[in-house]
Amino acid sequence: MTARPDVVVVTGASSGFGNLTARTSARAGHTVFAGMRAATGRNASAVAALAELRRTRGLPTAAVEMDVQDQASVGTAIGRVMAEQGRVDVVVHNAGHTVPGPAEAFTTAQLADFHDVNALSTQRVNRAVLPLMRAQGRGLLVWVGSSSTRGGHPPFLAPCFAARGAMDALAESYAGELVRFGIETALVVPGAFPSGTSRFAHAGTPADTSCAEQYEEPYGRLRARMEDALSAMFPSGREAGEVAAGIVRIVGLPHGERPFRTHTDPSRDGSEVVSAVYDRVRAEFFRRVGIDELLTAHPSL
């Protein structure tokens with residue numbers, strides 16, 4: 001663990017990896033602000049549960065209203081953290097959701113909205129928090145991605161996969177651009193955990209239902225078999241809490257010792273293998289153009 005507890009902001013923390021990360025971080029002694037939208041509405045129970053942990057177990061965690069699709073909301077949330085703590089040490093970019101269905105059946109507006117939640121939301125948070133981290137001369141951005149970015153991702157989940165790919169590329173660019181400010185980047189790559197993530201809780205469906213129906217006859221049974229096969233691939237005894245534990249372990253490492261990319265993929269869809277090659281090629285290219293000082297010392301785990 002670090003020499004002092006960190007002030008950690010987790011986005012999309014009402015459920016799933018985000019909520020587990022907030023709780024696990026607080027148990028490790030960090031001061032945690034669990035960002036979520038609708039804190040007085042549909043997520044009021046999540047807010048109450050965190051407050052109960054603070055009251056009964058003394059865990060330093062609290063929910064904060066943060067709609068990552070609204071720059072003003074993000075700014076207000078980060079302002080509250082600064083007012084109470086005077087600093088932000090870690091941001092965990094976790095907000096996002098998964099949307100199943102044939103790609104053609106989603107409207108362009110839907111794709112733009114899914115891209116906004118899964119990728120552009122990180123830009124709003126960064127624009128609010130990075131001036132503070134640059135002034136501090138230290139910070140950590142943890143980007144929670146998906147093994148689908150480079151693994152054997154299945155069809156019928158295109159909106160999420162496309163957006164997560166964009167987020168991964170954005171994180172890589174930020175890594176090199178922030179290193180001279182003392183701000184570290186860590187990409188966490190979970191596999192498809194079938195439980196414990198609430199990934200379809202607010203997923204939505206394709207707007208063009210007549211188009212979606214055209215895929216049902218030729219692909220309906222195949223999709224059912226695929227979903228069953230994906231669930232069968234997942235080994236027993238593994239749970240989503242492993243991802244949260246991995247994030248907290250990374251946060252607790254000394255500055256300069258954090259790996260650039262960490263995989264937690266019990267189903268082993270191949271992402272880890274592809275990423276190892278990809279990151280090596282990226283590092284070699286940086287060396288060829290003379291910017292290898294921008295690389296992370298520890299590429300992956």
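Residues numbered from 1 in each chain as written. Predicted model: local features only at pLDDT ≥ 70, side-chain atom pairs only at ≥ 80, totals over all residues. Heavy atoms only, no water.

Engineer: Sorry, what's going on with the overall build of the protein chain here?
Structural biologist: Looking only at helices and strands, the protein chain has nine helices and eight strands in total. Computed over C-alpha atoms, the radius of gyration of the protein chain comes to 19 Å, within 12% of the 19 Å expected from 2.2 N^0.38 for 301 residues, which places it in the range of a compact globule. Referenced to the eigenvectors of the C-alpha coordinate spread, the extents of the protein chain come out at roughly 60 × 50 × 40 Å. Taken over 301 residues, the protein chain has a buried fraction of 48%. Pairs at least 24 apart in sequence give 77% of the contacts found in the protein chain among residues at least 6 apart. Carbon together with sulfur atoms contributes 54% to the accessible area of the protein chain, which is approximately 14,000 Å² in total. (Helix = DSSP H or I, 4+ residues; strand = E, 2+ residues; numbered from the N terminus. Rg over C-alpha atoms; globule rule 2.2 N^0.38 Å. Buried < 20%, exposed > 50% of the residue type's maximum accessible area, 1.4 Å probe, protein only. Contact = heavy atoms within 4.5 Å. Areas by Shrake-Rupley, 256 points an atom, 1.4 Å probe, with all protein chains shown as cover.)

Engineer: Explanation requested: the packing of helix α1 (residues 16-27) against helix α8 (residues 241-252) in the structure shown.
Structural biologist: Interhelical geometry of α1 versus α8 gives an angle of 50 degrees and a closest axis separation of 8 Å. In this view, α1 runs oblique relative to α8, as classed from their interaxial angle. Judged by the sense of rotation from one axis to the other, the crossing of α1 with α8 is right-handed. Between α1, through Phe17, Leu20, Thr21, Thr24 and Ser25, and α8, the contact on the second element is made entirely by Gly241, Val243, Ala244, Ala245, Ile247 and Val248. A per-class count over the contact of α1 with α8 returns seven nonpolar, four polar and no charged. (Axes fitted to C-alpha atoms, helices over the stretch in contact; angles between N-to-C directions. Parallel < 35°, antiparallel > 145°, perpendicular 65-115°, else oblique. Left-handed = near helix turned anticlockwise from the far one by under 90°. Nonpolar A, V, L, I, M, F, W, Y, C, P; charged D, E, K, R; others polar.)

Engineer: Mind showing me how you'd approach the packing of aromatic side chains here?
Structural biologist: The geometry of an aromatic ring pair is captured by the separation of the ring centres together with the interplanar angle, meaning the angle of the planes. Taken as a whole and assessed by the stated rule, the structure comprises six aromatic pairs. Ring geometry for phenylalanine 193 and phenylalanine 234: centres 5.3 Å apart, planes at 65 degrees, overall edge-to-face. A residue pair is termed long-range when its members are at least 10 positions apart, and phenylalanine 193 in the loop between β6 (183-190) and α6 (209-214) and phenylalanine 234 in the loop between α7 (216-233) and α8 qualify at 41 residues. Phenylalanine 234 carries the same exposure label as phenylalanine 193, and that label is buried. Within the aromatic cluster, the residues linked to one another by ring pairs are Phe17, Phe193 and Phe234. Just above the ring of phenylalanine 181 sits the side chain of arginine 134; from NZ or CZ to the centre is 5.6 Å. Sitting above the plane of the phenylalanine 286 ring, arginine 282 keeps its charged end 4.8 Å from the centroid. (Phe/Tyr/Trp six-rings, centres within 6.5 Å; stacked < 30°, edge-to-face > 60°. Lys NZ or Arg CZ within 6 Å of the ring centre and 35° of its normal.)

Engineer: Quick question: what am I supposed to make of the nonpolar core here?
Structural biologist: A general tendency of soluble globular proteins is for nonpolar side chains to be buried together. Judged by nonpolar contacts, the single largest core of 29 residues is most densely connected at Val9, Met66, Val91, Leu130, Met133 and Leu141. For this core, the elements supplying multiple residues, two or more each, are β1 (7-10), α3 (71-85), α4 (108-136), β5 (139-144), α5 (158-178) and β6. Here this core gets six residues from one element, more than from any other, and that element is α4. Ranked by size, the runner-up nonpolar core spans 28 residues in total, among them Ala13, Ala26, Val92 and Val188. (Core = buried A, V, L, I, M, F, W, Y, C linked by side-chain atoms within 4.5 Å.)

Engineer: How should the state of the cysteines be read in this particular structure?
Structural biologist: Under the counting rule described, the total for this entry stands at zero disulfides. Cysteine 160 supplies the cysteine sulfur nearest to cysteine 211, a cysteine that is in no disulfide, at a spacing of 20 Å. On the basis of relative accessible area, cysteine 211 is assigned to the buried category, the value being 9%. (Disulfide = S-S within 2.5 Å.)

Engineer: How should I be thinking about the sheet that holds strand β4 (residues 90-93) in this particular structure?
Structural biologist: Two pairing modes exist for strands in a sheet, parallel and antiparallel, and in both the strands are linked by backbone hydrogen bonds. Pairing in this open sheet of eight strands is parallel, and the strands run β3-β2-β1-β4-β5-β6-β7-β8 from one edge to the other. Where the open sheet ends on each side, the last strands, each with one partner, are β3 (61-65) and β8 (298-300). When the angles between neighbouring strand axes are averaged without regard to direction, this sheet yields 20 degrees. Where strand β2 (residues 31-36) lies against β3, five bridges are found, and the strand directions are parallel. (Pairing = 2+ DSSP bridges.)

Engineer: Just to check I follow, could you spell out unusual backbone geometry for this structure?
Structural biologist: Trans peptide bonds make up the majority, and among non-glycine residues the majority have a negative phi. At alanine 38, a residue that is not glycine, the phi angle is positive and equals roughly 55 degrees. With respect to the helices and strands, alanine 38 occurs in the loop between β2 and α2 (44-57). On the accessibility criterion, alanine 38 (26% relative accessible area) is partly exposed. Phi at arginine 268 is positive, roughly 55 degrees, even though this residue is not glycine. Within the secondary structure, arginine 268 is located in the loop between β7 (259-264) and α9 (271-288). On the basis of relative accessible area, arginine 268 is assigned to the exposed category, the value being 66%.

Engineer: What exactly am I supposed to notice about the pairing of β2 here?
Structural biologist: Working note: regular strand, side chains alternate between the two faces of the sheet. In terms of burial, β2 is largely enclosed, as six of its six residues are buried. A two-sided burial pattern is seen for β2, the buried positions comprising Thr31, Phe33 and Gly35 on one face and Val32, Ala34 and Met36 on the other. In terms of strand pairing, β1 meets β2 through four bridges, oriented parallel. Bridge pairing in β2 links valine 7 to threonine 31. One crossover worth recording links β2 to the parallel β3 by way of α2, and it is right-handed. (Right-handed = clockwise from strand over helix to strand, strands pointing away.)

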